[in-house]
Amino acid sequence: MKITRVRAILTAPDNIALVIVKVETDQPGLYGLGCGTFTQRATLVAQAVDEYLDPLLRGRDPRNIEDIWQMTRVNAYWRNGPVLNNALSGVDMALWDIKGKVAGMPVHDLLGGKCRNGAMVYRHADGRDAQEVLDNVLAYREQGFLAVRCQMGGYGGRVRDINRDNATAGKGQKQATQRMKQMDQLESDFPGAYFDPDVYARSIPGMFEHIRAAIGFDLHLLHDIHERIAPIEAVRFAKAVEPYRLFFLEDPLAPEETEWFRRLRQHSAVPIAMGELFNHPLEWRSLITEQLIDFIRVHISQIGGITPARKLAALCEAYGVRTAWHGPGDTSPVGHAANLHLDLACHNFGIQEVINFPDVLYEVFPGLPTVQGGYLMPNDRPGLGIDIDEAKAAKYPIHMIPIEWTQSRLPDGTLWHP
Ligand SMILES: [Mg+2]
């Protein structure tokens, strides 16, 4: 059995650039699909796949997943990084897909078999004030969801909204109007998405107070700080939200501040989730072995696919850390399927993030798993159980435009990590 071609397919059915990798073989009708979606730099991943991995992998036996993964990882000599890891992931997932199709088994069977029927998922509720967030939480509960992530104003008080609200409410109207003028100048000098970390950190405990007072403790609630506040503020924040019994508090610190997890742990018993930006094993190893986090949040394609993810899950299991693979809109349907196979087979699964899958994703990606009663359910087809309709995918070309939210700024214009 030989690989005959490796190629990237770019598509944006839901206006988010997705990178799908297709590995074709010399066996009639046998191919595999993988997710290599790094939406912010999608065309670079496609180039790595088409110009480097295709010539490297043609003629090799697609059954040798471990050897191909190890060799591809180091073949450029300089290794790691999101572009190359996503390209590698696209190939790796596709090889697991092929192996499952050859065996006539879903990937979760290859990984040891199901230890649950479905994966508990969570969805995102947002709102401009606590009542709006609560209304959205109640709507999700009504739909059967068991867990909801709650944010207010995204990842922080939006400076313009705060000033506009103050001006409208007649609170410090003169200062608010003056501040809006300053904002016009700032935004022209330093364009970006402005947020206020102090307003944010002060307002979120009150939001949870409001929600818990209304719904009690039956529903799992989650929150993502998105590394928006200073490390010591994250410690204070974790203590402040402790009474609201969060399922987890995500990304309280930036990847560059991981020493602070020790202090965070000493002061709070809030379960901590971390890791969507990680792409090298040294970034997670000590956090796991020192039991400084409770949920590993890596983006599977960002670390190189199913092969490293199953090893990471095993490492986590040994230290009592559960999985919560990253699953936003810039995970492709193929990536969501890969997440689910790991969720079903790993004993230490915790929770799975999903988005609302619009109909167009089911049209372009037949076999995309469905959410039923708060759980993501598999379809039990061989391999990853998902396909791509390339003719339909071609109807949704990608558009690469500069991203604003990754230019997050403090009220004085200082750039902050997003
Ligand atoms: Mg996150």
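Just so we're clear, the structure is a prediction, and the values are computed from it rather than from any experiment. (Residues numbered from 1 in each chain as written. Predicted model: local features only at pLDDT ≥ 70, side-chain atom pairs only at ≥ 80, totals over all residues.)

A look at the overall build of the chain
Stage number 1. Tallying secondary structure elements over the chain gives 16 helices and 17 strands in all.
Stage number 2. Relative to the globule expectation of 22 Å for 418 residues, the C-alpha radius of gyration of the chain, 22 Å, shows essentially globular dimensions.
Stage number 3. Summarising the internal contacts of the chain: among those between residues at least 6 apart in sequence, 72% fall at separations of at least 24. (Helix = DSSP H or I, 4+ residues; strand = E, 2+ residues; numbered from the N terminus. Rg over C-alpha atoms; globule rule 2.2 N^0.38 Å. Contact = placed C-beta atoms within 7 Å.)

What about the domain arrangement of the chain?
Stage number 1. Entries for the chain in the domain assignment read domain 1 (3–105) and domain 2 (119–382).
Stage number 2. Placing a centre on the C-alpha atoms of domain 1 and another on those of domain 2 gives a separation of 28 Å.
Stage number 3. In this complex, domain 1 contributes 30 residues to the contact, which on the side of domain 2 involves 22 residues.
Stage number 4. Listed by contribution, the elements that provide at least two residues to the side of domain 1 that touches domain 2 are strand E2 (18–25), strand E3 (31–35), helix H2 (65–74) and helix H3 (82–103).
Stage number 5. For the side of domain 1 that touches domain 2, the leading source of residues is H3, giving 10 residues.
Stage number 6. When its residues are assigned to classes, the side of domain 1 that touches domain 2 shows 13 nonpolar, 12 polar and 5 charged. (Domains from an automatic or database assignment. Nonpolar A, V, L, I, M, F, W, Y, C, P; charged D, E, K, R; others polar.)

Describing helix H14 (residues 333–345)
Stage number 1. Between its terminal C-alpha atoms H14 stretches 19 Å, which fits the 18 Å expected from 13 residues at 1.5 Å a residue.
Stage number 2. Burial within H14 is extensive, with 13 of its 13 residues counted as buried. (Expected span 1.5 Å × (residues − 1). Buried ≥ 20, exposed ≤ 12 C-beta atoms within 10 Å, placed from the backbone.)

Focus on unusual backbone geometry
Stage number 1. In this structure, Asn80 takes a positive phi of about 70° despite not being glycine.
Stage number 2. Take Asn80: there are 18 C-beta atoms within 10 Å of it, and that puts it in the partly exposed class.
Stage number 3. One non-glycine residue with positive phi stands out, namely Gln291, at about 55°.
Stage number 4. Here Gln291 shows up in the loop between helix H11 (281–289) and strand E11 (295–296).

Remarks on the pairing of strand E7 (residues 193–196)
Stage number 1. Residue alternation in E7 divides its side chains into two sets, Ala193 and Phe195 and Tyr194 and Asp196, and both sets are buried.
Stage number 2. Alignment of E7 against strand E16 (residues 408–409), held across 2 bridges, turns out to be parallel. When the bridges of E16 are listed, Tyr194 appears paired with Arg409. (Pairing = 2+ DSSP bridges.)

Examining the sheet that holds strand E1 (residues 3–11)
Stage number 1. Within the open sheet, the 3 strands sit side by side as E1-E2-E3. Their pairing is antiparallel. Of all the strands in the sheet, the pair left with one neighbour each is E1 and E3. This sheet shows a mean twist of 20° between the axes of neighbouring strands, independent of strand direction.
Stage number 2. By the bridge criterion, 5 bridges tie E2 to E3 in an arrangement that is antiparallel. Within E3, the residue paired with Lys22 across the bridge is Leu33.
Stage number 3. Each of E1 and E2 is contacted by helix H1 (residues 42–57), which is oriented at about 175° to E1, the strand it contacts most.
Stage number 4. Seen against the sheet, H14 touches E2 and E3 and runs at an angle of roughly 90° to E3. (Axes fitted to C-alpha atoms, helices over the stretch in contact; angles between N-to-C directions.)

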